[in-house]
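What the coordinates show
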There are 2 protein chains.
Amino acid sequence: MKFIAEVNIMPLKEILDPQGKAVTGSMKNLGLQEIHNVRVGKHITLELEAPNETVANQKVDEACRKLLANLIMESYEFELQPA
Amino acid sequence: MKFIAEVNIMPLKEILDPQGKAVTGSMKNLGLQEIHNVRVGKHITLELEAPNETVANQKVDEACRKLLANLIMESYEFELQPA
């Protein structure tokens, strides 16, 4: 079976997000003062082959832990759906 | 009213995504051959104040077009929810 996964990786709440801070500042310069607390992370889509959804889940989780997310600074979540 | 927006910004399908290609290659080295076609974009969360959802929608759309996304190379989508 083919699956598509959508992964979101975000800096942990406790950790400063300098890129988000910079974007928040720029919003003010653009006249969008009502926007605040911007946080910037990664959105990753991927396709995978797996015999069933449980295995697919394990594979994506492994990919997140081993490669996509830095668990010291980031958290991840993902959604799987059949392609 | 307070809203939270979740924005996804992805490289356009027609455009090469070198970061995604690199990640796809690394999956193979990690023994995750079943994962392919990785694409890497940005996930941005932000908070905003707006009188109603229509205005909030306009503001987030403006932020995406003016600052967050490069529309020549990227597409964006977002979801709004009351905070």
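Predicted, not measured: the structure shown is a model, and the values here were computed from it.

**Let's talk about the overall build of chain A**
- Along the backbone of chain A there are two helices and three strands.
- Over its C-alpha atoms chain A spans a radius of gyration of 16 Å, topping by over 25% the 12 Å that the globule rule assigns to 83 residues.
- Its C-alpha atoms give chain A principal-axis dimensions of about 50 × 25 × 15 Å.
- Expressed as a percentage of the 83 residues in chain A, the buried residues total 40%.
- Counted over contacts in chain A with a minimum sequence separation of 6, partners at least 24 positions apart contribute 71%.

**Quick notes on unusual backbone geometry**
Residues and elements named next belong to chain A.
- Backbone geometry places Asn37, a non-glycine residue, at a positive phi of 55 degrees.
- Inspection of the secondary structure puts Asn37 in strand β2 (residues 35-49).
- By relative accessible area, which is 40% here, Asn37 ends up partly exposed.

**Here's the deal with the interface of chain A and chain B**
- Facing 30 residues of chain A, the contacting portion of chain B comprises 30 residues.
- Between chain A and chain B we count two salt bridges in total.
- Measuring nitrogen to oxygen at the nearest pair gives 3.6 Å for the salt bridge that ties Lys59 of chain B to Glu34 of chain A.
- Where chain A meets chain B, there are 12 residue pairs in polar contact (both at pLDDT 80 or more).
- A total of 15 residues in the side of chain A that touches chain B trace back to one element, the largest contributor, which is β2 of chain A.
- Residue composition of the side of chain A that touches chain B, by class: 14 nonpolar, seven polar and nine charged.

**Points about the pairing of strand β1 (residues 2-11) of chain A**
Residues and elements named next belong to chain A.
- Of all 10 residues making up β1, seven are buried, and the element is well covered by its neighbours.
- Across eight bridges, β1 lies against β2 in antiparallel orientation. Bridge pairing in β2 places Ala5 opposite Leu46.
- Bridging between β1 and strand β3 (residues 74-82) involves nine bridges; their strand directions are antiparallel.

What counts, and where the lines are drawn
- Residues numbered from 1 in each chain as written.
- Chains lettered and ligands numbered in written order.
- Predicted model: local features only at pLDDT ≥ 70, side-chain atom pairs only at ≥ 80, totals over all residues.
- Heavy atoms only, no water.
- Helix = DSSP H or I, 4+ residues; strand = E, 2+ residues; numbered from the N terminus.
- Rg over C-alpha atoms; globule rule 2.2 N^0.38 Å.
- Buried < 20%, exposed > 50% of the residue type's maximum accessible area, 1.4 Å probe, protein only.
- Contact = heavy atoms within 4.5 Å.
- Salt bridge = Lys/Arg side-chain N within 4 Å of Asp/Glu carboxyl O.
- Polar contact = N/O pair within 3.5 Å; in protein donor to acceptor, adjacent residues only side chain to side chain.
- Nonpolar A, V, L, I, M, F, W, Y, C, P; charged D, E, K, R; others polar.
- Pairing = 2+ DSSP bridges.

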